[in-house]
Structures are given as C-alpha cells and as structure tokens.
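Overview (structure and organization)
So you can see what is in the structure, the chains are spelled out below.
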Amino acid sequence: MIIILINHGSSQPVTTNSRFSVERIFTGHFEPSSMTFVASNDLLVLDRDAGKVYRVTNGDLSGPILDVNVGTEGYRGLLGVVTANEKEFTRVFLYYTEARTHDGDDSTKKPITPLGNRVFRYDLVDNK
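Please read all numbers here as calculations on a predicted model, not as lab measurements.

Quick look at the pairing of strand 6 (residues 60–67) now. As paired elements, strand 5 (residues 52–57) and strand 6 share 5 bridges and run antiparallel to each other. Residue pairing in the sheet places R55 in a bridge with S62 of strand 6. Between strand 5 and strand 6, which follow one another and run antiparallel, lie 2 residues, and N58 among them has a positive phi close to 50°.

Listed below in structure tokens is the structure:
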C-alpha cells in the first residue's frame, strides 16, 4: 500500500507503519487543499485560495484547467472534488464558496458576502 503525498515546502513526511511508504507525486507553486483520481497516475488537485483546478498526469503538473471565483475568509475556498468516469468524459464535482466578484472579495477592507457554498458539476473533456 502506498500513501500518495502532495507536498509543498521543505518538510519531509514520515510513516511509522512499515506497510506504508511515502512518495512525492509532484512539487507545485501552491498549497493543495484536496485531490481526486481521474485514473491511475492522473489527479485533479485544488488550490483552495486561488480557486484553481490543476491536473497532474504522471507527475507532470498542467493547468490550471479551471479557475473559479472563491471566497477565502476563514474556512472558505475551493474545498472538495470528486470524479465520476463516463464513457466519453469524466464528470467533476467541485464544492466551493462562490465569491461574488473575484477571489477573496470577502476578506478585503470592505468585504462582500459570498454567494454561498455550492456544488457544481463540470465535464472534463480533452483536458478542459
């Protein structure tokens, strides 16, 4: 069994169970909040505060393939992702706090109340 790790920074993870191993999948320029598998060696990774969805295929980071406006105050942001494979495409379900105008508009000097927490469905076709 392998623990899949998405890590940013200099800290090195360890495991105390000899049945597990640690493997660095990629190193990115952001701190991932969540991930899901599209297929073996194919992941979707979320950047919580920037509202961006990245794709990591065989360790190579591409994207972002999607950018949504998210509220970022407190525990808000781009928070969850899950996929469902169909014949012609992959359905992607995202859970996030939808901002009214732009990322972080709820954490400015004059905060704007977010539209709310939402679940949206997208179809991933040809990496778009």
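When a protein is soluble and globular, its nonpolar side chains tend to lie buried together. Counting residues in hydrophobic clusters, the biggest one holds 12 residues: V38, L44, L46, V53, V68, V70, L78, V81, V92, L94, Y96 and L124. Among the elements that line this core, the one with the most residues is strand 8 (residues 90–98), at 3 residues. The next biggest cluster of nonpolar side chains, apart from the first, holds 7 residues, and it includes F26, L43, Y54 and V56.

So, about the pattern of salt bridges. Considering all chains together, one arrives at 7 salt bridges under this definition. With its nearest N and O atoms 2.6 Å apart, the salt bridge here joins D42 to R55. On the criterion of sequence distance, the pair formed by D42 in strand 4 (residues 42–47) and R55 in strand 5 is long-range, its members being 13 residues apart. R55 shares its class with D42; the two are buried. Across the pair E86 and R91 runs a salt bridge, and its minimum N-O distance is 3.7 Å. Under the relative-accessibility criterion, E86 is labelled partly exposed at 39%. The structure contains a network of salt bridges with shared partners spanning E86, R91, R121 and D123.

Calculation notes
- Every chain's residues receive numbers from 1 upward, in the order its sequence appears when written.
- Only residues with pLDDT of at least 70 are given local features in this predicted model, and only at 80 or more are side-chain atom pairs given and counted; all residues enter the totals for whole chains, interfaces and linings.
- Only hydrogens and water are set aside when side-chain values are computed; all heavy atoms of the structure are taken into account.
- Only when DSSP finds a minimum of two bridges between them are two strands counted as paired.
- Helix and strand definitions here come from DSSP, where helices need a minimum of 4 consecutive H or I residues and strands a minimum of 2 consecutive E residues; each element is numbered from the N-terminal end.
- Nonpolar cores are built from buried Ala, Val, Leu, Ile, Met, Phe, Trp, Tyr and Cys residues. Side-chain atoms within 4.5 Å join them into one set.
- Each residue's exposure class comes from its accessible area (1.4 Å probe, protein chains only) as a fraction of the maximum for that residue type: buried when under 20%, exposed when over 50%, partly exposed otherwise.
- The working definition used for a salt bridge is a side-chain nitrogen of Lys or Arg within 4 Å of a carboxyl oxygen of Asp or Glu.

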